[in-house]
Amino acid sequence: GIFLQDGNPLVMYCRVFDVGKGVQFDPSVERTYWFDRVSYVDASTEACNSTNVAYWYDFNSSSKKSITYVDFESLKLKLQRLGIEPSSNKKLSPGPEWLSRSHMICPQELRQWEWEKSNRLAADNSTADSMRSEFRKKILTAVLEDKNKQLAGTAEELLKRSMAGNSSVFKDRKRTVFDDVIVSVELGSNLMESGDGNGQDKKAIVGSTLLQGLKENCVVYEAGIDYNDEYGIEMATKFGCSVHAFDCSLLDATRLEDYLERQGHIKNLAFHPWCLASEITPASYKLEMYQLGDVQQDYFHTLDNITERLGHKDVDVMKFDIEGYEWDLLENIMRGKRLPMQIAFELHSRFSNPKFVPKQLVAGKGRAAVARLFYSLFLLGYRVVSKELNNGDRGCAEFVMYRFPELQSYV
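The structure displayed is predicted, hence computed values, not measured ones.

S.K.: Provide a residue-level description of the state of the cysteines, including the pertinent values.
M.R.: Working definition: the covalent bond between the sulfur atoms of two cysteines is a disulfide. Inspection of every chain in the model, using the stated rule, returns 2 disulfides. Here Cys218 is linked by a disulfide to Cys241, with a sulfur-sulfur distance of 2.0 Å. Because the torsion about its S-S bond is 85°, the bridge between Cys218 and Cys241 counts as right-handed. Remark: Cys241 occurs in the loop between helix 6 (230-237) and strand 13 (242-246) and Cys218 occurs in the loop between helix 5 (208-214) and strand 12 (219-223); sequence separation between them is 23 residues. As far as the burial class goes, Cys218 and Cys241 line up, both buried. One disulfide bridge connects Cys248 with Cys275, the sulfur atoms lying 2.0 Å from each other. The chirality of the disulfide connecting Cys248 with Cys275 is left-handed, given an S-S dihedral of about -85°. With a gap of 27 residues between them, Cys248 in the loop between strand 13 and helix 7 (253-262) and Cys275 in strand 15 (residues 275-276) connect regions that are remote in the sequence. Both residues of the pair, Cys248 and Cys275, count as buried. The cystine pairing of the protein chain, numbering bonded cysteines in sequence order, is 1-2, 3-4.

Written as structure tokens, this is what we have:
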């Protein structure tokens, strides 16, 4: 259904749509036509009134359009009158199978897929590899300084003690469940760009100059968008990274359309209606506050599954703020084959505000559980480079961790 020609979106995808049962494909009535200047067309039959409607997204006007028609021949004639001529004798190449069926989501997924494809062909991978190698030498030198070695030793000892203990966290009301998690590597401004200190979208970023130099070779994943993507927009525009935003809970069509329009001009940023998760079913996600009861099974994917389907060998930055679901996601990341180089996330505990964080997701997530999580990450070579307590909720905190594969042999 989705095709490209000479780097330009070109598609006419016709199917029968039964509003009572969802999308139903009928090979006996499906037809395919090709039109210039059209990025996505979904010709469907509305069962409630038997009206044929063709939808398409026109990149020239950045808008969704539609017309009614009687049969496919009349549809062709109507589109031709609009200046959309059928293509003839053109060799077309298929797009990826994972493209969304949604007329709102598909065009921007397709646009970024083609952007990545063209940049991969033109990219100088040897230069990118050389830049990464030089940066790793610099940051590893900083990590192995005596001061940071001592910090790492203290951090490990605190985590071990916390895992073994069972003391009440709030005997001292100034204490939090995150007290035993400390910054274990201090990096200078030449290696890390600091966050704004309030735990919002302005997160600390390790290797900002490297990411800017890598441009299209830099890959950023983020989960938990909530119709607002300041972080992704900055990573795409300021650093030039290929940014993929994931959230399967954006079910409000009007808000989703507004969200997509705000970033519609950014070719290297795409939203996908998927949730990052471990091997669980949507039944685990049926929570009213996030309206996840209606999410389809095929919208849930592990990190390994997503990197494979998107064709990414490495993930440079992974950022997520998913209100308690991060515990499951972090376990999934640690079990996976492809570990992101740096992760930026908000961690919620059993003391988090229940108005925003479902209790069942953070039950038992106290001081010892926090320590066990960070110790597991420590063993994989991850080090805390930034920690920010949430000023409005003492039960959650923001962390940025950077991975040093060389340090796995040190523990």
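S.K.: So what's going on with empty space enclosed by the protein? Which residues, and what values?
M.R.: One pass over the full model with this rule turns up 3 cavities of 30 Å³ or more. Lining the largest cavity we find Ala155, Leu159, Asp180, Val181, Ile182, Ser184, Phe374, Phe378, Tyr382, Val384 and Met401.

S.K.: Quick one: what's the story with the pairing of strand 17 (residues 317-320), residue by residue and with numbers?
M.R.: Residues Val317 and Lys319 line one face of strand 17 and the alternating positions Met318 and Phe320 line the opposite face, and both faces are buried. Here 4 bridges tie strand 12 to strand 17, and the two strands are oriented parallel to one another. Residue pairing across strands places Glu222 opposite Lys319, the latter belonging to strand 17. Following the chain from strand 17 across helix 9 (residues 326-335) to the adjacent parallel strand 18 (residues 342-348), one finds a crossover that is right-handed.

S.K.: Run through the nonpolar core, naming residues and quoting values.
M.R.: Counting 48 residues, the largest nonpolar core has Met318, Phe320, Leu347 and Phe374 as its most contacted members. The dominant element in this core, judged by the number of residues it contributes, is helix 11 (residues 367-379), at 7 residues. The contacts of Phe320, once residues within four sequence positions are left out, are Ala223, Glu326, Leu329, Leu330, Ile333, Ile343, Ala344, Phe345 and Glu346. Core analysis: the second largest hydrophobic core is formed by 32 residues, Ala142, Ile266, Val317 and Val400 among them.

Cut-offs used in this document
- Residues numbered from 1 in each chain as written.
- Predicted model: local features only at pLDDT ≥ 70, side-chain atom pairs only at ≥ 80, totals over all residues.
- Heavy atoms only, no water.
- Disulfide = S-S within 2.5 Å.
- Helix = DSSP H or I, 4+ residues; strand = E, 2+ residues; numbered from the N terminus.
- Buried < 20%, exposed > 50% of the residue type's maximum accessible area, 1.4 Å probe, protein only.
- 1 Å grid on protein atoms, 1.4 Å probe; cavity = no way out; pocket = protein on both sides within 12 Å on 5 of 7 lines; lining within 4 Å.
- Points joined across faces, edges and corners; volume = space filled by probe spheres on them.
- Pairing = 2+ DSSP bridges.
- Right-handed = clockwise from strand over helix to strand, strands pointing away.
- Core = buried A, V, L, I, M, F, W, Y, C linked by side-chain atoms within 4.5 Å.
- Contact = heavy atoms within 4.5 Å.

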